[in-house]
Amino acid sequence: MKKTIMMLLCGLVFTMTASAQVKDRPPFGKDKVYVGASVSNVGLTYNGSEKWNFGAQAKAGYLFEDNWMVTGNLGYDYRQRGFNDFSVGAGLRYYIEQNGLYLGAGANYQHHHSYDDLLPTVQLGYAFFLNRTVTLEPEVYYNQSLKNHSDYSGFGIRIGLGIYFE
């Protein structure tokens, strides 16, 4: 019985100590570096020209102020019909710290075999911490095509992993 009470007391002390350390440094604090990778679409996207495609993205970012991150990304989209797309972009992300929700905006330059396009984009996502530095990030996004709105603009779903370095 004494061992059980002692174990519970130790567990409580460790929990309180760990909680205090996390509160000292905000999860989306200034000067953190972010690296992430994600997959998108997997048949869950919709636009006028394609019904199925698969995308992979790599993203890096820097928190220049608490809750504000500047990002850069590279992407590749596999198309079921036709040629594949490559993209490069930049953006800005704002974290609502209380719950891990974030809002993002940016622009991507997309290269396709027969055309190039500039796509302003907006995102709504959630950063779910798996541990102190690794996050699981589901995201909904909308890309607006400046070349042809009806065929190349569209909504999609993205899921990724992110790592925040101090």
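Residues numbered from 1 in each chain as written. Predicted model: local features only at pLDDT ≥ 70, side-chain atom pairs only at ≥ 80, totals over all residues. Heavy atoms only, no water.

Caption draft 1: Up close: the overall build of the chain. Secondary structure assignment for the chain yields two helices and 10 strands. Along the chain, from the amino end to the carboxyl end, the secondary structure elements read α-β-β-β-β-β-β-β-β-β-α-β. Taking all 166 residues of the chain together, the buried fraction comes to 33%. By sequence separation, contacts in the chain at least 24 residues apart represent 48% of the contacts at least 6 residues apart. In the form shown here, the chain has an accessible surface area of approximately 10000 Å², with 68% of it arising from carbon and sulfur atoms. (Helix = DSSP H or I, 4+ residues; strand = E, 2+ residues; numbered from the N terminus. Buried < 20%, exposed > 50% of the residue type's maximum accessible area, 1.4 Å probe, protein only. Contact = heavy atoms within 4.5 Å. Areas by Shrake-Rupley, 256 points an atom, 1.4 Å probe, with all protein chains shown as cover.)

Caption draft 2: Structural context of the packing of aromatic side chains. A complete count under the given rule lists 10 aromatic pairs for this structure. Summarising the aromatic geometry, the rings of phenylalanine 28 and tyrosine 164 are spaced 5.7 Å apart at their centres and angled 70° between planes, so their arrangement reads as edge-to-face. With phenylalanine 28 in the loop between α1 (2-24) and β1 (33-41) and tyrosine 164 in strand β10 (residues 154-165), the pair connects residues that are 136 residues apart, well separated along the chain. Exposure remark for phenylalanine 28: the relative accessible area of 1% places this residue in the buried category. Ring pairs connect the aromatic residues Phe28, Tyr34, Tyr95, Tyr102, Phe129 and Tyr164, which therefore count as one cluster. Residue placement shows arginine 93 over the ring face of tyrosine 34; its charged tip is 5.3 Å from the ring centre. Residue placement shows arginine 158 over the ring face of tyrosine 141; its charged tip is 4.1 Å from the ring centre. (Phe/Tyr/Trp six-rings, centres within 6.5 Å; stacked < 30°, edge-to-face > 60°. Lys NZ or Arg CZ within 6 Å of the ring centre and 35° of its normal.)

Caption draft 3: View of the pattern of salt bridges. In this structure the tally under the stated criterion is five salt bridges. A salt bridge links lysine 32 to glutamate 166; its shortest N-O distance comes to 3.7 Å. In this pair, lysine 32 sits in the loop between α1 and β1 while glutamate 166 sits in the segment after β10, placing the two residues 134 residues apart along the sequence. The network of salt bridges with shared partners includes Arg93, Glu137, Glu139 and Arg158. (Salt bridge = Lys/Arg side-chain N within 4 Å of Asp/Glu carboxyl O.)

Caption draft 4: The arrangement of the environment of leucine 130 in detail. The topology assignment puts leucine 130 in the loop between β8 (128-129) and β9 (134-143). Through-space distance from the C-alpha of leucine 130 to that of leucine 161 is 9.6 Å; in sequence the pair is 31 residues apart. Residues contacting leucine 130, with those up to four places away along its chain left out, are Thr135, Leu136 and Leu161.

Caption draft 5: Fine view of a negative patch on the surface. A grouping of Asp31, Glu65, Asp66 and Glu97 is seen on the molecular surface, where their side chains present a negatively charged patch. Structurally, glutamate 65 is set in strand β3 (residues 53-65). Note on glutamate 65: relative accessible area 39%, which makes it partly exposed. (Patch = residues over 30% accessible without salt bridge, like charges linked within 9 Å, V, L, I, M, F, W, Y side chains within 5 Å. Lys, Arg positive; Asp, Glu negative; His and termini not counted. Charge placed at Lys NZ, Arg CZ, Asp CG, Glu CD.)

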